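The residues making up each chain are set out below.
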Amino acid sequence: MTEYAYYPGCSGRATARGYDESLLAVAPRLGMTLTEIPDWNCCGSGLALSVNQVLSLALSARNLALAEKIAPTVVTPCPSCCLTLNKANHVLQDGGAAAAPVQSCLEAGDLKYGGGVRVRHLLDVIVNDVGVERLAQAVTAPLTGKRVAPYYGCQVVRPVAEGDDAEYPHNLEQVIAAVGGEVADFPLKTSCCGGALVATRPELGREMCLDLLRSIGAARADIVVTPCPLCQVTLEMAQHQNRGILQGGALAPVLYLTQLIGVALGLSERELGLQRALMPKTCRRALARTEQQPAL
Amino acid sequence: MEPEIVFEAQQDPTFYDAVAALPEGERLRSCLQCGSCGGTCPVARILQHTPRRLFAMVRAGMKREVLTSLTPWVCSSCYACTVNCPAGIKITDIMYALKRMAIKEGLQPKESDANRFAEQFTDVVCAHGRASEFEAMMRYMMFSHPGRLLGKSAVGLEMMGRGRMPLLPHRIQGLESFRRLVARARELDEVKP
Ligand code: SF4
Ligand code: SF4
């Protein structure tokens, strides 16, 4: 068992509860021990960074300091949290002029960070630590015959694709193959979903989402898988709100990475938080097995 | 789109240097004006100023136009421009820096109040230690776009019914020391050049 300090991110306790639940359900079966960082706080994402840089770095630094007490590696399912925590980690590990104000904030909060933590995204950990062989061995209900569209979103592959190829990422494809599915390749797999615009520019966000869903539909996908909680909720809400004008693969259920894995490990709908889907019937239909007994 | 005419007297000759002094700003001096940033940008279709154009405006000292531009505020932080820039300019980070500069100068982007959403979200985080999408969205919608709230409320209710939109934000336990950390950060950011 490998030990990790777990940073769920705020979405993991709200819109992306199914991600948190399914991750906690599959982790022990993949040899991962996750210890939640005690009393972690919001990293502020890009929004706090748009307001105050010292604050943004300090919010992340607090989490790093708390994590350092429990494990050398932080794992998070949220690409945006991963990037934000990493930005602060690099500043503090470099120890240059930019680190001083952040250290001062930590002191004000009675904390200390020695720079001994590495922050990684869950997809990188599953492919490169657990490994696809081990994942494939754990599969008991392979997704035979299911076409799965790998949707990366932005921040898992940009600005750095840790543990993957930046130009041609293939970590998700490897996971899909390991769980016995077929890859439904589509050209927009690393395009932006427009999720950041949902509150402030909804019309533009909707357009970006519809382009994406149509591209997924053209790939004849049965299921979409994403490692990003923001992409998931953005696509799912767009499907729900535009279900009158979308059809076929464009309405394929959007699963979190660990929900897809969990289905192949034979876990139940509740264990994986799948009942929280906005369109649970579509989801059940897409996951139902044709030849074998339905796993759900 | 109306062409912008800016007379020399309205330009701010110190602005280019001020932006270059921002984090990741120095590299901006090597911008080739090649336009590949705008070519990869998913939101360019609604932008009056692509990143390339915005940086040309920075060079020309068009401070007010740059700091009220919509571009940094609709930037979705997809980092497509950053990984494609032949000059290695960290464009997305510069967009963040320009947003902070605009807030400090008290300038509001044209045709948007996305700055308020960022500030309100940050205030919620500073108060509770955790984000509440619900609270931040409500504050922003109530004050700025009560009309949009209706369109969102149907799907919002469904999310709530599935336990995906808690009404009350989670509060962290170490709030007292957390607030000291936040207060220090707010203080230090003020005194920066
Ligand atoms: S891609 Fe880089 S060099 Fe080219 S115009 Fe944009 S910022 Fe300038
Ligand atoms: S990071 Fe922002 S400016 Fe750059 S391509 Fe993406 S949306 Fe456009």
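Residues numbered from 1 in each chain as written. Chains lettered and ligands numbered in written order. Predicted model: local features only at pLDDT ≥ 70, side-chain atom pairs only at ≥ 80, totals over all residues. Heavy atoms only, no water.

Asks: Lay out the interface of chain B and chain A with the relevant residues and their values.
Replies: Each partner contributes residues to the interface: chain B has 61 residues there, and chain A has 62 residues. Of the roughly 5,300 Å² buried between chain B and chain A on both sides combined, carbon and sulfur atoms contribute 61%. Counting the contacts that link chain B with chain A gives 5 salt bridges. Across the salt bridge formed by B:Arg45 and A:Glu207, the nearest N and O atoms sit 2.8 Å from each other. Where chain B meets chain A, there are 25 residue pairs in polar contact (both at pLDDT 80 or more). (Contact = heavy atoms within 4.5 Å. Buried area = accessible area lost by both parts, 1.4 Å probe. Salt bridge = Lys/Arg side-chain N within 4 Å of Asp/Glu carboxyl O. Polar contact = N/O pair within 3.5 Å; in protein donor to acceptor, adjacent residues only side chain to side chain.)

Asks: Give a description of the domain arrangement of chain A that names residues and reports values.
Replies: All names here are of chain A. Taken domain by domain, chain A consists of domain 1 (2–121) and domain 2 (139–286). In this assembly, 20 residues from domain 1 lie in contact with 20 residues from domain 2. Taken together, the two surfaces of domain 1 and domain 2 that pack against each other cover about 1,700 Å², and 68% of this comes from carbon and sulfur. Notably, a salt bridge pairs Arg118 with Glu162, separated by 3.8 Å at the nearest N-O pair. On inspection of domain 1 and its partner domain 2, the count reaches 5 residue pairs in polar contact (both at pLDDT 80 or more). Looking at the side of domain 1 that touches domain 2, the elements that each hand over two or more residues are helix H1 (17–26), helix H4 (79–94) and strand S4 (118–121). Among the residues making up the side of domain 1 that touches domain 2, the classes are represented as 10 nonpolar, 6 polar and 4 charged. (Domains from an automatic or database assignment. Helix = DSSP H or I, 4+ residues; strand = E, 2+ residues; numbered from the N terminus. Nonpolar A, V, L, I, M, F, W, Y, C, P; charged D, E, K, R; others polar.)

Asks: Can you explain the site of ligand 1? Please cite residues and give values.
Replies: Residues and elements named next belong to chain B. Neighbouring ligand 1 are 14 residues; Cys31, Cys34, Ser36, Cys37 and Cys85 lie closest to it. Every element with two or more residues in the shell around ligand 1 is listed here: helix H2 (36–40) and helix H3 (51–59). The residue makeup of the shell around ligand 1, split by class, is 10 nonpolar, 3 polar and 1 charged. (Near = heavy atom within 4 Å.)

Asks: Please provide a residue-by-residue account of the nonpolar core, values included.
Replies: Within the largest apolar cluster, 49 residues are counted, with the highest numbers of intra-cluster contacts made by A:Tyr7, A:Ile37 and A:Val74. At the level of secondary structure, the elements contributing two or more residues to this core comprise helix H3 (53–68), H4 and helix H5 (99–108) of chain A together with helix H8 (114–128), helix H9 (133–144) and helix H11 (175–191) of chain B. Of all the elements, H3(A) adds the most residues to this core, at 10 residues. Discounting chain neighbours no more than four positions away, the residues touching A:Tyr7 are A:Ile37, A:Trp40, A:Asn41, A:Cys42, A:Cys43, A:Asn63, A:Val74, A:Val75, A:Thr76, A:Pro77, A:Cys81 and A:Leu85. Counting 47 residues, the second largest nonpolar core, distinct from the first, contains A:Tyr6, A:Val75, A:Leu143 and A:Tyr152. (Core = buried A, V, L, I, M, F, W, Y, C linked by side-chain atoms within 4.5 Å. Buried < 20%, exposed > 50% of the residue type's maximum accessible area, 1.4 Å probe, protein only.)

Asks: Describe in detail the sheet that holds strand S6 (residues 182–183) of chain A, supporting the description with residues and values.
Replies: Note on sheets: strands pair through backbone hydrogen bonds, and any given pair is parallel or antiparallel. Residues and elements named next belong to chain A. Overall, parallel pairing links the 4 strands, which are arranged S6-S5-S7-S8 in an open sheet. If you trace the sheet from one side to the other, it starts and ends with S6 and strand S8 (254–256), each paired once. For strand S5 (residues 147–150) and strand S7 (residues 223–226), the ladder comprises 3 bridges, and the chain directions are parallel. What sits directly across from Pro150, in S7, is Val225. The sheet strands contacting helix H7 (residues 171–178) are S5, S6 and S7, and the helix crosses S5 at an angle near 160°. (Pairing = 2+ DSSP bridges. Axes fitted to C-alpha atoms, helices over the stretch in contact; angles between N-to-C directions.)

Asks: An account of H3(A) is requested, with residue identities and associated values reported.
Replies: Residue and element names in this part refer to chain A. The terminal C-alpha atoms of H3 lie 22 Å apart, and with 16 residues this matches the ideal 22 Å at 1.5 Å per residue to within 8%. Most of H3 is tucked away, with 15 of its 16 residues classed as buried. The opening residue of H3, the one whose side-chain oxygen lies 3.0 Å from the backbone nitrogen of Val54, is Asn52. (Expected span 1.5 Å × (residues − 1).)

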